[in-house]
Amino acid sequence: NCLQALCAHLALCLLRPLRLGALQRAAVRSLHASAAQAEVTVHALYFALLLHDVHNPLYNAFMYGWIRVFGDSEVSIRVPTLLAGSGMIVIVWWWLRERFGPLQAWWATAFLTLNPVHIWYSCEAKNNMFTVFFVTLTLWRLDVLARTRTARHVALAAIAGALAI
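Residues numbered from 1 in each chain as written. Predicted model: local features only at pLDDT ≥ 70, side-chain atom pairs only at ≥ 80, totals over all residues. Heavy atoms only, no water.

K.L.:
Explanation requested: the packing of helix 5 (residues 79–100) against helix 6 (residues 102–114) in the structure shown.
P.N.:
A pair of packed helices is captured by two measures, namely the crossing angle of their axes and the spacing between those axes. Running from amino to carboxyl end, helix 5 crosses helix 6 at an angle of 155 degrees, the nearest separation of the two axes being 7 Å. By the angle between their directions, the pair helix 5 and helix 6 is classed as roughly antiparallel. Between helix 5 and helix 6 the crossing geometry is right-handed. Contact residues: Met 88, Ile 89, Val 92, Trp 93, Leu 96, Arg 97 and Phe 100 in helix 5; Pro 102, Gln 104, Ala 105, Trp 106, Ala 108, Thr 109, Leu 112 and Thr 113 in helix 6. For the contact of helix 5 with helix 6, the per-class residue count stands at eleven nonpolar, three polar and one charged. (Axes fitted to C-alpha atoms, helices over the stretch in contact; angles between N-to-C directions. Helix = DSSP H or I, 4+ residues; strand = E, 2+ residues; numbered from the N terminus. Parallel < 35°, antiparallel > 145°, perpendicular 65-115°, else oblique. Left-handed = near helix turned anticlockwise from the far one by under 90°. Contact = heavy atoms within 4.5 Å. Nonpolar A, V, L, I, M, F, W, Y, C, P; charged D, E, K, R; others polar.)

Here you go:
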């Protein structure tokens, strides 16, 4: 209901400073590009990654557009992963709330929100959290599909699965 959604949003907003602090510390610890990479323009580097990287192409394409709009500062390139990590927490909350009830959903999201491993990977400028976000979304949609077996849920699970690849 609306009160639960409001409480979930409030909890995420209150716990956001914990994640932003970790984000700033990760940005400070980040290594600078090697001299060979420094000679390559950012545009050429991301275009090459988009076409030749073996990792999921959605992250590379998204980051190409993100950097064009928001720049490539240490914090800027880490914000999308932070948002993906936060979005995964919301997906887990929705999924567990409809499967097991609100109490179990709150415990699981509290664990994820305070989990140091989840915080760490949410602050890296890598595709890990994007992958986990879309895989979690796919598993949730497949779980709903297994229980309902409707054409709408087949389409949603297929779209989520395609995004996870």
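K.L.:
How do you make sense of the nonpolar core when you look at a structure like this?
P.N.:
A general tendency of soluble globular proteins is for nonpolar side chains to be buried together. In this structure, Phe 133, Phe 134, Leu 137 and Trp 140 are the most contacted members of the largest nonpolar core, which totals 24 residues. If you list the elements that add at least two residues to this core, you get helix 4 (57–70), helix 5, helix 6, helix 8 (128–148) and helix 9 (151–164). With eight residues, the top contributor of residues to this core is helix 5. With residues up to four places along the chain from it excluded, the contact list for Trp 140 reads Ile 91, Trp 94, Trp 95 and Glu 98. (Core = buried A, V, L, I, M, F, W, Y, C linked by side-chain atoms within 4.5 Å. Buried < 20%, exposed > 50% of the residue type's maximum accessible area, 1.4 Å probe, protein only.)

K.L.:
Looking at this structure, I do not really get unusual backbone geometry. What am I missing?
P.N.:
Most peptide bonds adopt trans geometry, and most residues besides glycine take a negative phi value. Unlike most non-glycine residues, Arg 149 shows phi in positive territory, near 55 degrees. In this fold, Arg 149 is placed in the loop between helix 8 and helix 9. Assessed through its relative accessible area of 68%, Arg 149 is described here as exposed.

K.L.:
How do you make sense of the pattern of salt bridges when you look at a structure like this?
P.N.:
Where charged atoms from two side chains of opposite charge come close, those side chains can pair. One pass over the full model with this rule turns up four salt bridges. Ionic pairing is found between Glu 98 and Arg 147, a salt bridge with its closest N-O pair at 3.5 Å. With a gap of 49 residues between them, Glu 98 in helix 5 and Arg 147 in helix 8 connect regions that are remote in the sequence. Taking the relative accessible area as the measure of exposure, Glu 98 reaches 37% and is therefore partly exposed. (Salt bridge = Lys/Arg side-chain N within 4 Å of Asp/Glu carboxyl O.)

K.L.:
Help me out: how do you make sense of the environment of Ile 77 in this one?
P.N.:
Mapped onto the secondary structure, Ile 77 falls in the loop between helix 4 and helix 5. For the pair formed by Ile 77 and Cys 123, sequence separation is 46 residues and the distance between their alpha carbons is 9.6 Å. Leaving out residues up to four positions away in the same chain, Ile 77 has contacts with Met 63, Trp 66, Ile 67, Gly 71, Asp 72 and Ala 125.

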